[in-house]
Amino acid sequence: DAADAVRQVGYWADVGATSYKGYMHLTREQLDAIVKAAHARKAKVTAHLCAVTYAEATAMGIDNLEHGFFASTDFVDGKQPDVCTSGDAAPKSLDALAVDDPRMAALQRQMIDNKVALTSTLTIFETFSYGRPMAPAAALDLLMPQLREQYVSRYTAIQRGGPNPHGRIFPKNMVWEKQFHDAGGLLVAGTDPTGYGGVIPGYSSLRQFELLREAGFDAATTVKVMTFNGATYLGRTADIGRIAPGLRADLVAFAAPLDATKPALPEVSWTMKAGRAWDRAKILNAWKGQVGLR
C-alpha cells in the first residue's frame, strides 16, 4: 500500500538512491505517495505506467514518463481507475487515435506545463512492429546462441504476420515525440534492452539515434536529445552531457562526419569512458556469442 511504498523510498534513499521507477500496476494512491516521499528526499520519480494514466501522473508531479507515448492508457475507452488495461486495449486505443488528435496535444501541453520529461525508447517498440528491419548481423553475432535463435524466430513470425497495431503506432509515436519536443518538452532517450533479444547494448544506442533522425530530428538536435537533455534531467550538466573543459570525457568517435541528409550513422571508430579510449573492434570480438549470459 502507500505506506509500504513510502517506507521503501525512505530505505533506499538512506542507502544512496537518487531516483525511483514506478511500474505498471501501481495505483494512484501508491504512485502519489512515492512521488511525495521521493521529492521530500530530493529524488526523482519516473514510471512505465498502465493503471495510472499519463495525465494522472502528471498532475501528481511525476518527473518523467517512460517509453514515449506507447505506454499511455489515457485514450482507452472505459478505462477503469487504478486498473491496468488488459490485452491489447492500450495499443488499440493509440492505433485508433489520429496523429493530430487535440487530446494528444492537450496531454503534451499538460506535461510540458508541469515540467514532466519524456523518455523515447523507439528501439524496443521497433522490434514488435511489422515492416521494420532486423538487427544488423554484427549485433546478432554478440548474442548467445539461444537468444539469437529466439530473436530471429520471433522477428520472422512478426514479419510474416503482416501489418499489426505496433507497426501502425510506431510512426505515429515518432510524430508525437517530435511534437512534444518541438512544443518545448524535455525529450530524453534510452533503449530499454528487454523484449525478446533485439535491443542489443551499444548497437541499440546507435539505432535509437537513427530512429530519432527518421522521426524528423536533425543530427545536432538528436545529439542533444541523447546527451545534454539526459544530463539536464538528471541535474548533472556540470559534469556530463557536453564537450567542455573540466567535464567527464565520455565520447564516441565516428569514422566520418554525421550526414545531415541520412539517418544512418557512420562506423564507430572508438569510444571513450571517463577519458580512457577503448578499441571498438576488440570489445566486439571479446563479447561475441556472450550477450545474454550475464
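Residues numbered from 1 in each chain as written. Predicted model: local features only at pLDDT ≥ 70, side-chain atom pairs only at ≥ 80, totals over all residues. Heavy atoms only, no water.

A. Structural context of the packing of aromatic side chains. Under the definition given, this model contains 8 aromatic pairs. Relative to tryptophan 12, the ring of tyrosine 11 has its centre 5.0 Å away and its plane inclined at 90 degrees; by these criteria the two rings are edge-to-face. A residue is classified by how much of its surface remains accessible, and tryptophan 12, at 43% relative accessible area, is partly exposed. Arranged with centres 3.8 Å apart and planes meeting at 15 degrees, the rings of phenylalanine 70 and phenylalanine 125 form a pair that is stacked. In this pair, phenylalanine 70 sits in the loop between strand S3 (64-66) and helix H4 (89-96) while phenylalanine 125 sits in helix H6 (residues 122-126), placing the two residues 55 residues apart along the sequence. Of the two residues examined, phenylalanine 70 and phenylalanine 125, each falls in the buried class. Here a set of aromatic residues connected by ring pairs shows up, and it is made of Phe128, Tyr151, Tyr155 and Tyr196. Lying across the ring of tyrosine 233, lysine 44 places its NZ or CZ 4.3 Å from the centre. Arginine 154 extends its terminal NZ or CZ atom over the ring of tyrosine 196, reaching a point 5.0 Å from the ring centre. (Phe/Tyr/Trp six-rings, centres within 6.5 Å; stacked < 30°, edge-to-face > 60°. Buried < 20%, exposed > 50% of the residue type's maximum accessible area, 1.4 Å probe, protein only. Helix = DSSP H or I, 4+ residues; strand = E, 2+ residues; numbered from the N terminus. Lys NZ or Arg CZ within 6 Å of the ring centre and 35° of its normal.)

B. Spotlight on the nonpolar core. Grouped together as the largest cluster of nonpolar side chains are 62 residues, with contacts concentrated most on Leu31, Tyr54, Ile62, Leu65, Phe69 and Met111. Look past the residues within four positions of leucine 65 in its chain and what remains in contact with it is Thr46, Ala47, Leu49, Tyr54, Ala57, Thr58, Met111, Val116, Ala117, Leu118 and Thr119. (Core = buried A, V, L, I, M, F, W, Y, C linked by side-chain atoms within 4.5 Å. Contact = heavy atoms within 4.5 Å.)

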